[in-house]
Number of protein chains: 2
Amino acid sequence: MSKYWSKITAAIEPYVYGEQPKGRKYIKLNTNESPYSPSPKVLEAIKRAANSNLRLYPDPDCEELREIIANYYSINKNEVFIGNGSDEVLALSFLTFFNPGDTIIFPEISYSFYPVYAELYGINYINAKLEDDFSIQVSDFFRENGGIVIPNPNAPTGRYMDAEEIKRILEFNSHRVVIIDEAYIDFGGTSVVSLIKDYPNLLVIQTLSKSRSLAGIRLGFAIGQEELINGLNRIKNSFNSYTIDRVAAAAGVEAIKDEKYFKECVSKIVSTREKVTAELRELGFNVVPSKANFIFASHALYNAGELFARLKEKGVLVRHFNKEKIDNYLRISIGSEEEMETFIEIVKEIMNELKNN
Amino acid sequence: MSKYWSKITAAIEPYVYGEQPKGRKYIKLNTNESPYSPSPKVLEAIKRAANSNLRLYPDPDCEELREIIANYYSINKNEVFIGNGSDEVLALSFLTFFNPGDTIIFPEISYSFYPVYAELYGINYINAKLEDDFSIQVSDFFRENGGIVIPNPNAPTGRYMDAEEIKRILEFNSHRVVIIDEAYIDFGGTSVVSLIKDYPNLLVIQTLSKSRSLAGIRLGFAIGQEELINGLNRIKNSFNSYTIDRVAAAAGVEAIKDEKYFKECVSKIVSTREKVTAELRELGFNVVPSKANFIFASHALYNAGELFARLKEKGVLVRHFNKEKIDNYLRISIGSEEEMETFIEIVKEIMNELKNN
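Report on the accompanying structure. Computed from a predicted structure; not experimentally measured.

Conventions used here
Residues numbered from 1 in each chain as written. Chains lettered and ligands numbered in written order. Predicted model: local features only at pLDDT ≥ 70, side-chain atom pairs only at ≥ 80, totals over all residues. Heavy atoms only, no water. Helix = DSSP H or I, 4+ residues; strand = E, 2+ residues; numbered from the N terminus. Expected span 1.5 Å × (residues − 1). Buried < 20%, exposed > 50% of the residue type's maximum accessible area, 1.4 Å probe, protein only. Arc of directions from axis to C-beta. Least-squares fit on C-alpha atoms with pLDDT ≥ 70 in both. Pairing = 2+ DSSP bridges. Axes fitted to C-alpha atoms, helices over the stretch in contact; angles between N-to-C directions. Contact = heavy atoms within 4.5 Å.

Note that an α-helix has 3.6 residues per turn; residues three or four places apart therefore point the same way. Residue and element names in this part refer to chain A. For helix α11 (residues 337-356), which comprises 20 residues, the first-to-last C-alpha distance of 29 Å matches the rise-based estimate of 28 Å (1.5 Å per residue) to within 8%. Turning to α11, its buried residues are Met 340, Phe 343, Ile 344, Ile 346, Val 347, Ile 350, Met 351 and Leu 354. Summarising the axial view, the buried residues of α11 lie within an arc of 170°, below the 170-degree limit, and thus occupy one face. Facing away from the buried surface of α11 by more than 90 degrees, the exposed residues are Glu 338 and Asn 356.

Moving on, we get to the relation of the copies chain B and chain A. For the match of chain B to chain A, the screw axis carries a shift of 0.0 Å, the RMSD comes to 0.0 Å, and the turn is 180°. On this basis, the relationship between the two copies can be described by a two-fold rotation axis. Proximity to the rotation axis, assessed at the C-alpha, singles out B:Lys47 in chain B; its C-alpha lies 2.5 Å from the axis.

This part covers the sheet that holds strand β12 (residues 329-333) of chain B. All names here are of chain B. Spatial strand order, β9-β10-β12: 3 strands in an open sheet with antiparallel pairing. Pairing within the sheet leaves two strands with one partner each, and these edge strands are β9 (285-287) and β12. Direction aside, neighbouring strands of the sheet carry axes that sit 30° apart on average. Two elements, β9 and strand β10 (residues 294-299), share 3 bridges in a ladder whose sense is antiparallel. Following the sheet pairing, Phe 285 is matched in β10 by His 299. Across the sheet, helix α9 (residues 259-282) touches β9, β10 and β12, and the angle it forms with β10 is around 0°. Lying over the sheet, helix α11 (residues 337-356) contacts β9, β10 and β12, oriented at roughly 155° with respect to β12.

Encoded structure:
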């Protein structure tokens, strides 16, 4: 505490990001990064952007990147908003669409940044309860509210909701903005971007950090009808007009354009995910069905906290949330084929050690 | 207006950034960019950063960049905070140190983003009046307030306040945070960074956009005692943890390290500024004494709006603010020696045209 902090600075409980290890080399399966390099075309574009034009401000409207994304989804570029990672897009969206004092709804188990944004802006929230298998109940969103946020697939569970369920939520809440956070949509789900033409209250948020292997460059985007995008621009231009630098914008353009490379990476990750899921189940794990680039797994005989600690000791970082209902689960990002083979070997080793104790 | 916007989205008047022309090639003297390329070492660092590690999140704490800046100013790295441009640092600082409903003070003529941040967070403000020569009166800050922001040198006037005056403000307001926005400090002023050890209420904000020629990469920083920096981190980690990408961080490190190149660029800009100032005065302009990379000039016989329009027609972009007290001034960024020679020629041309009308 400091007497110089504002009340909100003193009161807020900031988001806790997954450990970014410095020093020891881990098999890093804790922050849902891609095991694959960005497209070679992205790396080339970055090198090309390293020129004297960096003395000039970037395009604050990110025209070119918006056009490429609009093209990819067959929509209009005025239906696209770019932000410094989908976290920034989310942070700006809460302020743009939700009112302080109003009560929004998001699932009880979901991205742990949502309650932080709500607290930051004085927005109240209630949680939609999940079933025991972590599936989301559509009916939980059929009540008065000031807005809705749903990650699809959900994180950290990996659970996926289909478009029909989302439509029912959009229809009941036609007077409120419904944010569908599709950070992990490319790993087996189908985006609801095409619904924006029928639902003026739908805002879809995506990121280039996961399926486009660009966590190290900060790029996320929102898609919605122009009215929603205009609102986001009003708030962005009241916070920071130049959020996307010249290099990042150039990288993003190539990342979206190189569809072939993108599809190859995604398909490798999906096939590794299915293989690891089967292997863990073989070892007695309960693995939640996942459409994301991670899996959520629990074992009846072995405590997740214990498994987390032993994995770390042996050089594998996964994520463990000390939170009711999920404290016996591990979230395991899908690494390369080889990394996941090593991971499975180490899990077997640990299970043997624990059995012999 | 949209029924989906929050109240603040509907009410706010966003910041209006200087025109970033697409298409026609201008002599661009309107957004205080450097006429010189970033250091060759910066461009090399960016190329080196274009590698497969971009699949991984960047260091959310920007350790290396903070260390280099701390080293440059002989302070501790825990006294440094990095943001996505100094605009983001300012936006986060308003939220971290000022309370909604409180009244902060900044000069009536100053960076036009300040009132926007205040409105965004529901912070009230009053303006310190400037003298006719645009100098700031220290006594205007000797009154009850919820915080203070002063750009030094001031923008768009270029007026500089010395450390003794700033000390008096810091002393009177020892219970409030005083932000000194030093975006333009390197062009002839002396930073008050060294005062942070004596004044726990001082936060100094700087940018790499101007003197380090990196407007195209978004990097700014704040310097203050650890307590203030911790507050900024709390708010940052409640908004967006990963604001600085891997490429930008690498560029920033080299930009600060290459002091020789930095000093060369700054000294060229300062000498061009002095030359242009003398030439404009010769032509009858009133030029406010500037310690920035721009000058603020007015002519008794020619209307600034008219000059602005004719300059633009002839391929020179400068900035004109349609605002009481300064609406007969032009803010002219200092370009290269050659650009400024052309600028002076064109000004003469326009003056001749107007004389003959």
